[in-house]
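In case you want the letters, here they are:
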There are 2 protein chains.
Amino acid sequence: MAMTVKEVADLVGISVRTLHYYDEIGLLTPDETTKSGYRLYSDDNLEMLQQILFFKELGFPLKKIKEIINSPSFDRHEALVLQRKMLLEKRRRLDKVIATIDKTIQHMKGEIQMTNKEKFEGFDFSHNPYEQEARERWGDEAVDKANAKIGSMSKDEQEAMAKAMNSIYQKLAALRNGSPESEEAQAAIKEWYDFLNNNFGNYSLEAFKGLGQMYVDDERFTKNIDQFGEGLAKFMRDAMAVFADKNKK
Amino acid sequence: MAMTVKEVADLVGISVRTLHYYDEIGLLTPDETTKSGYRLYSDDNLEMLQQILFFKELGFPLKKIKEIINSPSFDRHEALVLQRKMLLEKRRRLDKVIATIDKTIQHMKGEIQMTNKEKFEGFDFSHNPYEQEARERWGDEAVDKANAKIGSMSKDEQEAMAKAMNSIYQKLAALRNGSPESEEAQAAIKEWYDFLNNNFGNYSLEAFKGLGQMYVDDERFTKNIDQFGEGLAKFMRDAMAVFADKNKK
DNA sequence: ATAAAGTATCACGTAACGTGAGAGTCAACA
DNA sequence: TGTTGACTCTCACGTTACGTGATACTTTAT
């Protein structure tokens with residue numbers, strides 16, 4: 001089950017140094033380490049590594065990969081589907097390059113003419129049409145800001161924060177079939193409001209209400225939140241609106 | 001006809017800095033420069049750039065690309081054919097990665113099982129099956145050594161050397177239908193022998209004879225030499241053998 | 001129990017540019 | 001003719017994703 005660096009390296013076809021490096025930059029930290037400091041990779045770690053390699057294949061820089069897979073709105077299945085689309089696009093590009101080679105060979109034999117532009121078809125490095133989509137899904141400003149803060153925290157702090165968030169989410173999920181105006185619901189929402197204000201920028205009541213709306217408008221948030229319970233996003237939106245309106249007066 | 005840096009950059013889809021860099025490391029030096037120092041790229045330069053990008057697409061480091069395209073045995077047509085093969089191989093790899101994604105998506109849904117090995121199929125970075133072939137064709141030790149020496153020379157020196165070599169080749173080509181033992185042939189071959197000894201390692205008579213044999217055994221040499229005249233390689237081999245045997249006694 | 005193989009952490013090196021900074025050059029328009 | 005804006009040049013330092021030892025400790029195999 002748990003694999004050492006070399007075992008992983010050999011299985012995957014990368015170097016040990018690469019795994020060390022990924023650990024160093026916090027991209028892939030093994031779940032476990034022996035008391036003598038040896039890294040031990042779990043099956044979950046392997047799946048994460050697979051994700052990382054898919055993104056790498058598509059030319060994403062490690063920093064961006066880290067952002068994406070650490071994003072609170074990251075969804076593995078969605079990622080795989082998009083990656084598939086991007087890889088198909090990459091293959092189309094490769095086909096173009098091959099066609100360009102074929103043409104060039106013919107051109108050399110004097111069989112056909114070729115414009116300068118044609119000689120470089122397929123070499124479109126800079127522009128990946130799906131990179132924009134990826135950015136929109138996982139990389140927008142708000143998320144970036146949150147991630148930046150999370151990224152600057154120590155591992156222990158990160159865990160503590162994740163725990164705190166989960167705890168609040170779970171509390172709310174348990175209440176989601178009741179009224180968003182109930183005392184317990186409003187108390188839990190206040191916890192959420194305070195949590196956000198303590199850990200991220202300072203949210204005005206308006207912004208807080210707007211954020212709640214985003215939870216249902218933006219499917220990235222919806223999906224993630226509803227993992228704690230079907231309909232939680234909607235419930236939170238309602239409770240957050242009530243909270244905002246109530247405390248405004 | 002002659003294009004400026006930005007024109008080339010825009011046409012090809014690379015940065016100006018990249019062209020500057022390629023010039024800096026001597027990978028692609030523009031044929032012409034204006035008196036104020038502006039780089040002007042010819043159509044030949046564009047073709048060379050295309051070659052470079054094909055190799056880059058295949059993951060060759062620039063240093064190796066430089067070696068290859070400066071190799072005396074470099075043949076553009078042959079290169080294109082091999083590059084085509086390598087690109088097809090790359091596409092097969094890409095297809096494997098896509099298949100792996102498909103499997104992973106199914107695996108997530110619980111539809112199928114997947115071994116850890118299967119999760120990383122297609123990610124075979126290190127091993128390009130054609131890299132070896134490329135190395136054999138263009139990168140063997142002798143050629144590397146010669147290239148290293150040529151590479152360490154100034155551009156003027158390189159031109160001077162190319163001129164000298166061409167002059168000897170042409171002289172020999174003119175004699176190739178006569179006897180390899182003729183006085184003129186032996187005189188020209190002596191020039192060749194001295195030239196090699198002055199410019200590259202020191203060839204013994206035996207090594208010189210062996211080199212001649214390579215001219216017909218190794219098609220890389222044959223092709224290049226016969227450009228000066230059909231059958232020149234064989235003629236040189238014979239003349240070099242005669243020269244070696246005669247001077248040994 | 002001793003060698004061989006694996007692992008850890010520095011720490012410096014490398015490749016292929018990116019990114020200003022500062023200064024000169026060129027085409028076009030007022 | 002002068003000026004402006006787009007290009008160009010050459011330093012020169014920064015960055016990414018590791019490679020490559022060096023040195024020391026740990027685990028596995030015989």
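Before going into details, it helps to say that this report is about the structure given with it. Note that the coordinates shown come from a computational prediction; the quantities given were computed from them, not determined experimentally.

**A few points about the environment of Gln 50 of chain A**
Then step 1. Locating Gln 50 of chain A in the fold gives a position in helix H3 (residues 43-57).
Then step 2. Sequence-wise, Gln 50 of chain A and Val 12 of chain A are 38 residues apart; in three dimensions their C-alpha atoms are separated by 8.7 Å.
Then step 3. If near-sequence neighbours (up to four positions away) are discounted, Gln 50 of chain A is found in contact with Arg 76 of chain A together with Thr 100, Thr 104, Lys 119, Phe 120 and Phe 123 of chain B.
Then step 4. Polar contacts involving the side chain of Gln 50 of chain A include one to the side chain of Arg 76 of chain A, which spans 3.4 Å.

**Focus on the interface of chain B and chain A**
Interfaces are often described in size by the accessible area the parts lose on coming together.
Then step 1. Across the boundary between the two partners, chain B contributes 42 residues, which contact 42 residues of chain A.
Then step 2. Both sides together, the interface formed by chain B and chain A hides about 4100 Å², and carbon and sulfur atoms give 71% of it.
Then step 3. Three residues stand out in chain B for area buried against chain A, namely Leu 94, Ile 101 and Phe 120 of chain B, and they jointly supply 15% of the buried area on that side.
Then step 4. Across the contact surface, chain B and chain A share eight salt bridges.
Then step 5. Counting residues per element, the ones that place at least two in the side of chain B that touches chain A are helix H1 (5-12), helix H3 (43-57) and helix H5 (76-108) of chain B.
Then step 6. Take the side of chain B that touches chain A: its biggest share by element is 22 residues, from H5 of chain B.
Then step 7. Residues of the side of chain B that touches chain A, tallied by class, amount to 21 nonpolar, eight polar and 13 charged.

**Let's talk about the protein's contact with DNA strand C**
Then step 1. Residues in contact with DNA strand C amount to 18 residues; listed here are only the nearest, Lys 6, His 20, Tyr 38 and Arg 39 of chain A together with Ser 15 of chain B.
Then step 2. Here, DNA strand C places atoms within 4 Å of the protein, and 71% of those atoms are sugar or phosphate.
Then step 3. Thr 4 of chain A is positioned with one of its side-chain polar atoms (N or O) 2.8 Å from a phosphate oxygen of DNA strand C.
Then step 4. For the surface near DNA strand C, the elements supplying multiple residues, two or more each, are helix H1 (5-12) of chain A together with helix H2 (16-24) and helix H4 (62-70) of chain B.

Procedures and definitions
- Residues numbered from 1 in each chain as written.
- Chains lettered and ligands numbered in written order.
- Predicted model: local features only at pLDDT ≥ 70, side-chain atom pairs only at ≥ 80, totals over all residues.
- Heavy atoms only, no water.
- Helix = DSSP H or I, 4+ residues; strand = E, 2+ residues; numbered from the N terminus.
- Contact = heavy atoms within 4.5 Å.
- Polar contact = N/O pair within 3.5 Å; in protein donor to acceptor, adjacent residues only side chain to side chain.
- Buried area = accessible area lost by both parts, 1.4 Å probe.
- Salt bridge = Lys/Arg side-chain N within 4 Å of Asp/Glu carboxyl O.
- Nonpolar A, V, L, I, M, F, W, Y, C, P; charged D, E, K, R; others polar.
- Near = heavy atom within 4 Å.

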